[in-house]
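Geometric and topological summary
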Amino acid sequence: MGSTALVNGEGHPAKTIDTPLLIVGAGPAGASLACFLSHPPYSMTGLLISNAPTTSQTPRAHITNPACFECLRDIGLEERAVGLATAGDNMIHTRWCHDMTGEEYARIYSWGNDPQRHGEYESHTPCRHVDLPQTEFEPIMIQRATAEGWDVRFRTRFLDFKRQDDGLIVSRLADDLTGSEYLVRSKYLFGADGGRSQVIRQLEIPLIKKPGQGLALNVLVQVDLSDYVDARKGNLHWVFQPEDDYDDFAWSGLIRMVKPWHEWMFILFPKPEVEYKEPTMAQWEAKCRKIVGNDKLPLKILDVSKWLINETVAERYSDPTNTIHCLGDAVHRHPPFNGLGSNTCVQDAYNLAWKIKYVENGLASHSLLSTFSPERQPVGLGVVTRANQGLRDHTPVWDAMGLTLPTPKERMAVMEELKSATKAGRARRKLLNDAIDGTSHEFHGIGVEMNHRYVSDGVVVDDEKDAPPQWPEDPVLYHRASTYPGSRLPHAWLNKRMPQKNHVSTHDLAGHGVFCLLTGIGGQGWKAAAQTASKELGIDIRAYSIGWGQDWEDVYRDWSRKMEVDEDGCVLVRPDRFVCWRAMAAGDEERRLGVALKKVLGR
């Protein structure tokens, strides 16, 4: 990095730092982008800033899904993250209950733990759901980014930016520790600065907004419930006490495990029709003790914070020059239902990082960067829609249990009806059971996590004779694996003819910052074509044949069922493990592969 004299926002000479990359925001989006950019090959580093004093001090995001871990697996961070997480069997249920130590109303299997769905998760991904609070996740990423050369600065605010005549971006930053301002001149600016993104505001990118669903309150609580969870394990617990008059600041509560089984986030929802008034600490404590249901247990409130239930997505993620890109909560803002927030942030970064590296290393045209927004914005829109629908999916449960009725007398009448051996009781119980089943779209939404199909110039469909395969009838609950260009590479376990101790996923062959070509028996021409294209274009292409007696054995025959091309055809996979082109059969391999790669790279 170098420096020169420019003028800051107050008209005074200011120190100017030169760096190729400036990332604003060190949360899941910004920190993971830094890690993906700095990881070999084609490593790039720059300046990563955050206006916070340190990494997140509140465990906001926590559900970490397989699609996110597939990205972390690519840079060797999956194992470390899993080691700091709470294992999936502690996430086995979501419950509806009277309190945390007392009566339970209902429960549902969650996060791939349903015995009827477990095999489906096993067949689609090498990774698993875990509970990894943001307080644990962010330090992993920041430590990696720092170790690989990023200059990370906290207590640093992004104020605004201007463009120079040469196209470089000059950003004005404020050091909150010293009170001074300085300038950063960069080629790229990344707005990963959260729901109040200044980068988005200055770019004047329109936001698609739907009416918000009100205020939510986070109360971080320390209380040891170890003696009460063996028979009721789970990381999400809805608490309702229908016999009481609901508090204005908390008519219901969603209790989330943070650290088993002594630290919890009590997410409280105020009455929507009542003006919110800040409770006293005594009121907070009294409410939390009622939720726990046992006054004898020591309880300590660690933190209280507020957030709005938004349904907002940016119309686009990039500026017209494709040198400023926004990602994460800056472009998609939604409640935590379905556990999609930080996972989508990481996947945004994974999509963008390889494109920046290829362009800056002269391996792709600058036009490749124009594919980021059309590929990721539809995903963001789907995530925002699904997360808000996930919240709305709980309303039928509350209605079936009578919890939305205005008075304790009415609510308790419904609770009694649920226990009754009457026609009305049977009807009410069926209504409740159906409503609980409806929440499975939140807890078993493997489809919404993985049914992404990119449509952009970074994907070549010229050789496709048929339309893309249709998604399942329920594309939220179920995943449709496909090698149709634009699809996520299907997962299949592979091994050697003389088996190794550990299987290898098709995902492990792909990624690693390079293109991957997968073929089968009779596909030697594709492997030769990959070598030729690699030399001609200056890019690394790893080519493998899969099948009987090949580089890798299709030990469970899963790849043969999922590859959708002939054995002598091929599947070309981008560095982000999305299929960008395929050939149904052999023939004219060198020309066809070369044409496809040049289109993807814009060359």
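In the nomenclature of an unreviewed UniProt entry, the chain corresponds to FAD-binding domain-containing protein from the organism Cyphellophora europaea.

Details of the pattern of salt bridges
Taken as a whole and assessed by the stated rule, the structure comprises 39 salt bridges. Between Arg172 and Glu181 there is a salt bridge, with the nearest N and O atoms lying 3.1 Å from each other. Residue classification places Arg172 among the buried positions, given a relative accessible area of 17%. In this structure, the salt-bridge partner of Lys271 is Asp248, at a minimum N-O distance of 3.4 Å. Linking Lys271 in the loop between β18 (263-269) and α7 (281-292) with Asp248 in the loop between β16 (236-239) and β17 (252-259), this pair joins segments that are 23 residues apart in sequence. Each member of the salt-bridge network shares a partner with another, and the members are Lys355, Glu375, Arg574 and Asp576.

Examining the pairing of strand β11 (residues 169-175)
Among the 7 residues that make up β11, 6 are buried, leaving the element largely enclosed by the rest of the structure. For strand β10 (residues 156-163) and β11, the ladder comprises 7 bridges, and the chain directions are antiparallel. When the bridges of β11 are listed, Asp160 appears paired with Arg172. Between β10 and β11, which follow one another and run antiparallel, lie 5 residues, and Gly167 among them has a positive phi close to 90°.

Quick word on the UniProt feature "domain: FAD-binding" (unreviewed entry) in the chain
Per the UniProt entry, the sites bearing "domain: FAD-binding" (unreviewed entry) are residues 18-386 in this numbering. Secondary structure within residues 18-386 divides into 27% helix and 27% strand; the distance between the first and last C-alpha atoms comes to 41 Å.

Observations regarding the packing of aromatic side chains
Aromatic ring pairs are defined here through the distance separating the ring centres and the angle between the ring planes. One pass over the full model with this rule turns up 20 aromatic pairs. Here the aromatic rings of Trp111 and Phe443 are separated by 5.7 Å at their centres, their planes lie at 90°, and the arrangement is edge-to-face. Of this pair, Trp111 sits in the loop between β7 (104-109) and α4 (118-124) while Phe443 sits in helix α13 (residues 440-443); the two residues are 332 residues apart in sequence, bridging distant segments of the chain. Given a relative accessible area of 4%, Trp111 falls into the buried group. Measuring from centroid to centroid gives 6.2 Å for Trp238 and Phe240, while their planes differ by 10°, and the two rings are stacked. Phe240 shares its class with Trp238; the two are buried. An aromatic cluster is built from Trp238, Phe240, Tyr246, Trp251, Phe269, Phe337 and Trp398, whose rings are joined through pairwise contacts.

Thresholds applied
- Residues numbered from 1 in each chain as written.
- Predicted model: local features only at pLDDT ≥ 70, side-chain atom pairs only at ≥ 80, totals over all residues.
- Heavy atoms only, no water.
- Salt bridge = Lys/Arg side-chain N within 4 Å of Asp/Glu carboxyl O.
- Buried < 20%, exposed > 50% of the residue type's maximum accessible area, 1.4 Å probe, protein only.
- Helix = DSSP H or I, 4+ residues; strand = E, 2+ residues; numbered from the N terminus.
- Pairing = 2+ DSSP bridges.
- UniProt positions renumbered as here; feature names shortened; annotations may be inferred.
- Phe/Tyr/Trp six-rings, centres within 6.5 Å; stacked < 30°, edge-to-face > 60°.

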